[in-house]
Amino acid sequence: MTAYELPAMVNAHSHAFQRDLRGVAERPSPRSQAADDFWSWREAMYALASALDPDSMFEAARRTYAEMSAAGYGAVGEFHYVHHQPDGAPYAEPNAMALAAAEAARAAGITIVLLPAAYHRAGWDEGDLAPTPGQRRFCDPDVDSFLARVDALREWAQGREGVQVGVAAHSVRAVPASWLEAIAAYSEDRGLVRHVHAHEQPRELDECRAEHGVTPIALLERTGFLGPRSSVIHGIHVDAADIGRLAASATIVVSCPTTEGSLGDGHFPAMAHHDAGVRIAIGSDSQVRIDPFEETRELETLARRERLSRAALLAAHGDLWAELVRAGCASLGLEDAGRIAIDRDHPDLRGIEDADLPLAVATCASAGVVSGPAGG
């Protein structure tokens, strides 16, 4: 076997437990098929989340992270919002579910950046909507309680190799604007990365405009949430003004191509982001696929379709894989994610010249080419 080394990919957005939605989430919606969309998929996700406890969270995450490591990921940003017991009451150890995810990553040998996500409400409709039964275990009563748990999690992570902690707001639907301001200030004061879901669904934009009079990205700008330490997850339904705000603030966008395709979210405008100077990272999100090569190829394919041209992200960067690694490290506040060994004799890469390997990695390779960690 002829080996070739690559930087390990950074998975900048993961919900590890959702790996067990494969197949289940494809069952026909109990509503009409025409209504089978992101919002109906959420009900299957809530049912899965409701069945978790710290032991089953550990086991689901351990399996998922082991698959990530074998597929070529060296680090994962775990966007964690399953915090409490199913009825919303805290565990005796308030961070029990987050600790389970972190220990699972350590067991699987992958670096983890825990991103505990603030959640408070179901949404807004002339006032805050109370969380649904499926959301209760995600929610905290106030932002100070949430940030106190983040403090405790950071203290626990100190000295534990391979574990770091950032912070997140689930979405502009799930928290009031005052929470976004508090989380952004907390992140800045402590030098932490911060993440948020935004611009994944048109309905999300409609609800944000109804409550705040602006788009989610404009609201994030207004509350101080955007910035070099900030990552917006998805960034699909954006206009030129939204993209301009991301670029001006040096905010990173994390695209999750296989999940966004699975959920019917829409077409990620990769070239519009790129042309404005917005950095792009990738994530496996719902884990419908765990293959960073497939995410990279899908991102490049979408970019080519966007402009009806083969001159897209790969042409702009030359080594798209390396560019995504750099943006992923920045998104999670990491220096690097290690290195992996690639089998040059695998059918995906066999016969490709050395000079063309960076091009092939982004267009025709798969996780099957990974033979293990570099030097392993």
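Relevant structure appears above.
Read on for an overview of the structure. (Residues numbered from 1 in each chain as written. Predicted model: local features only at pLDDT ≥ 70, side-chain atom pairs only at ≥ 80, totals over all residues. Heavy atoms only, no water.)

1. As for the nonpolar core
In this structure, Phe17, Tyr65, Val82, Ile183, Leu220 and Phe293 are the most contacted members of the largest nonpolar core, which totals 120 residues. Here the element with the most residues in this core is helix H3 (residues 96-108); it accounts for 10 residues. If sequence neighbours within four positions are ignored, Tyr65 has contacts with Ser14, Ala16, Val76, Glu78, Ala101, Ala104, Ala105, Ala108, Ile110 and Ile112. Counting 7 residues, the second-largest nonpolar core is a separate cluster that includes Ala12, Ile252, Val254 and Cys256. (Core = buried A, V, L, I, M, F, W, Y, C linked by side-chain atoms within 4.5 Å. Buried < 20%, exposed > 50% of the residue type's maximum accessible area, 1.4 Å probe, protein only. Helix = DSSP H or I, 4+ residues; strand = E, 2+ residues; numbered from the N terminus. Contact = heavy atoms within 4.5 Å.)

2. Quick word on unusual backbone geometry
The backbone of Ala250 shows a phi angle near 60°, a positive value even though the residue is not glycine. The phi angle at Asp285 is positive, at roughly 50°, despite the residue not being glycine. Within the fold, Asp285 resides in the loop between strand S12 (280-282) and helix H11 (292-307).

3. Focus: the environment of Leu220
Tracing the chain through its elements places Leu220 in helix H7 (residues 216-222). Each C-alpha atom, one on Leu220 and one on Val232, is 9.5 Å from the other, the two residues being 12 residues apart in sequence. Ignoring sequence-local partners within four residues, the contact set of Leu220 consists of Val172, Leu180, Val196, Ala198, Phe225, Leu226 and Val232.

4. Some details on the packing of H11 against helix H13 (residues 320-332)
At a closest axis distance of 11 Å, the pairing of H11 and H13 adopts a crossing angle of 105°. Relative to H13, the element H11 is oriented roughly perpendicular. Between H11 and H13, the residues in contact are Pro292, Phe293, Thr296, Leu299 and Glu300 and Leu320, Trp321 and Leu324, respectively. (Axes fitted to C-alpha atoms, helices over the stretch in contact; angles between N-to-C directions. Parallel < 35°, antiparallel > 145°, perpendicular 65-115°, else oblique.)

5. Details of empty space enclosed by the protein
The full count for this structure, using the stated rule, is 3 cavities of 30 Å³ or more. Considering only enclosed or pocket space, the largest cavity measures out at about 230 Å³ in volume. Every residue lining the largest cavity is counted, 23 residues in all, and those nearest its centre are Phe38, Trp41, His170, His197 and Glu200. It is helix H1 (residues 38-50) that contributes the most residues to the lining of the largest cavity, 6 residues altogether. Across the lining of the largest cavity, the residue classes break down as 9 nonpolar, 9 polar and 5 charged. (1 Å grid on protein atoms, 1.4 Å probe; cavity = no way out; pocket = protein on both sides within 12 Å on 5 of 7 lines; lining within 4 Å. Points joined across faces, edges and corners; volume = space filled by probe spheres on them. Nonpolar A, V, L, I, M, F, W, Y, C, P; charged D, E, K, R; others polar.)

6. Thoughts on the pattern of salt bridges
Scanning the entire structure with this criterion turns up 20 salt bridges. Overlapping salt bridges bring together Asp20, Glu59, Arg62 and Arg63 as one network. (Salt bridge = Lys/Arg side-chain N within 4 Å of Asp/Glu carboxyl O.)

7. Topic: the packing of aromatic side chains
Going through the model one piece at a time under the given rule, you end up with 6 aromatic pairs. A connected cluster of aromatic rings, assembled from ring pairs, spans Phe17, Tyr46, Tyr81, Tyr119 and Phe138. Positioned over the ring face of Phe225 is Arg194, at 5.7 Å from the centre of the ring. (Phe/Tyr/Trp six-rings, centres within 6.5 Å; stacked < 30°, edge-to-face > 60°. Lys NZ or Arg CZ within 6 Å of the ring centre and 35° of its normal.)

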